[in-house]
Amino acid sequence: VQLQASGGGLVQPGGSLRLSCAASGRSFSSSHMGWFRQTPGKEREYVAAIRMSAGITYYADSVKGRYTVSRDNAENTVYLQMNSLKPEDTAVYYCAAGEDVTYSGGYYYLPADYWGQGTQVTVSS
């Protein structure tokens, strides 16, 4: 199983980027796929996930209203549309896949069984 992330780059504050993650080796149509991000010296942070079958989405508070996660089951692909980007959104973004999304203490999380390689997103003027 492989998850191939792409779409990162350099963008100015207030700009937009769209990340893609294509899965191969198995179908995730009955699972969840999502995104995490990580900056140097910090733990990997949950960003968003989507239930691939029903399209139900789950966002971290830090990105709600700015990011949109979507999917294409036919292509076994998940997307992350990032708008109104801020310098603090700068990170390596990782896609992930897992069976369920958990909810605890007011926070969603995706316990991932599979990880993709990271793609760098830099928000800077």
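In this text the structure is predicted, and so the values were computed from the model without any measurement. (Residues numbered from 1 in each chain as written. Predicted model: local features only at pLDDT ≥ 70, side-chain atom pairs only at ≥ 80, totals over all residues. Heavy atoms only, no water.)

Here's the deal with the state of the cysteines
- For the coordinates displayed, the defined rule picks out one disulfide.
- Here C21 connects covalently by a disulfide to C95, the sulfurs 2.2 Å from one another. For the disulfide bridge between C21 and C95, the dihedral angle about the S-S bond is near 55°, and by the sign convention the bridge is right-handed. Taken together, the residues span a long stretch of sequence, with C21 in strand β3 (residues 17-24) and C95 in strand β9 (residues 91-98) at a distance of 74 residues.
- On the basis of relative accessibility, which here comes to 0%, the residue C21 falls in the buried class.
- Here C95 falls in the buried class, since its relative accessible area comes to 0%. (Disulfide = S-S within 2.5 Å. Helix = DSSP H or I, 4+ residues; strand = E, 2+ residues; numbered from the N terminus. Buried < 20%, exposed > 50% of the residue type's maximum accessible area, 1.4 Å probe, protein only.)

A closer look at the layout of surface pockets
- Approximately 180 Å³ is the volume attributed to the largest pocket.
- Mapped by element, the contributors of at least two residues to the lining of the largest pocket are β5 (45-51) and β11 (107-109).
- Residues belonging to the lining of the largest pocket are distributed by class as follows: six nonpolar, two polar and three charged. (1 Å grid on protein atoms, 1.4 Å probe; cavity = no way out; pocket = protein on both sides within 12 Å on 5 of 7 lines; lining within 4 Å. Points joined across faces, edges and corners; volume = space filled by probe spheres on them. Nonpolar A, V, L, I, M, F, W, Y, C, P; charged D, E, K, R; others polar.)

A word on the sheet that holds strand β7 (residues 67-72)
- Sheet architecture is open: four strands sit in the order β1-β3-β8-β7, paired in antiparallel fashion. The open sheet terminates on both sides in strands that have one partner only, identified here as β1 (2-6) and β7. When the angles between neighbouring strand axes are averaged without regard to direction, this sheet yields 15°.
- Looking at chain direction, β3 and strand β8 (residues 77-82) are connected through six bridges and run antiparallel. (Pairing = 2+ DSSP bridges. Axes fitted to C-alpha atoms, helices over the stretch in contact; angles between N-to-C directions.)

Observations regarding the packing of aromatic side chains
- Summed over the entire model, instances satisfying the criterion amount to seven aromatic pairs.
- Taking the centre distance of 5.5 Å and the plane angle of 80° together, the rings of F36 and Y109 count as edge-to-face. A residue pair is termed long-range when its members are at least 10 positions apart, and F36 in strand β4 (residues 32-38) and Y109 in strand β11 qualify at 73 residues.
- Look at Y109 and you get partly exposed, because its relative accessible area is 38%.
- A centroid spacing of 5.1 Å and a plane angle of 65° characterise the contact between Y58 and Y108, whose relative ring orientation is edge-to-face. Placement of the pair is Y58 in strand β6 (residues 57-59) and Y108 in strand β11, with a sequence separation of 50 residues. (Phe/Tyr/Trp six-rings, centres within 6.5 Å; stacked < 30°, edge-to-face > 60°.)

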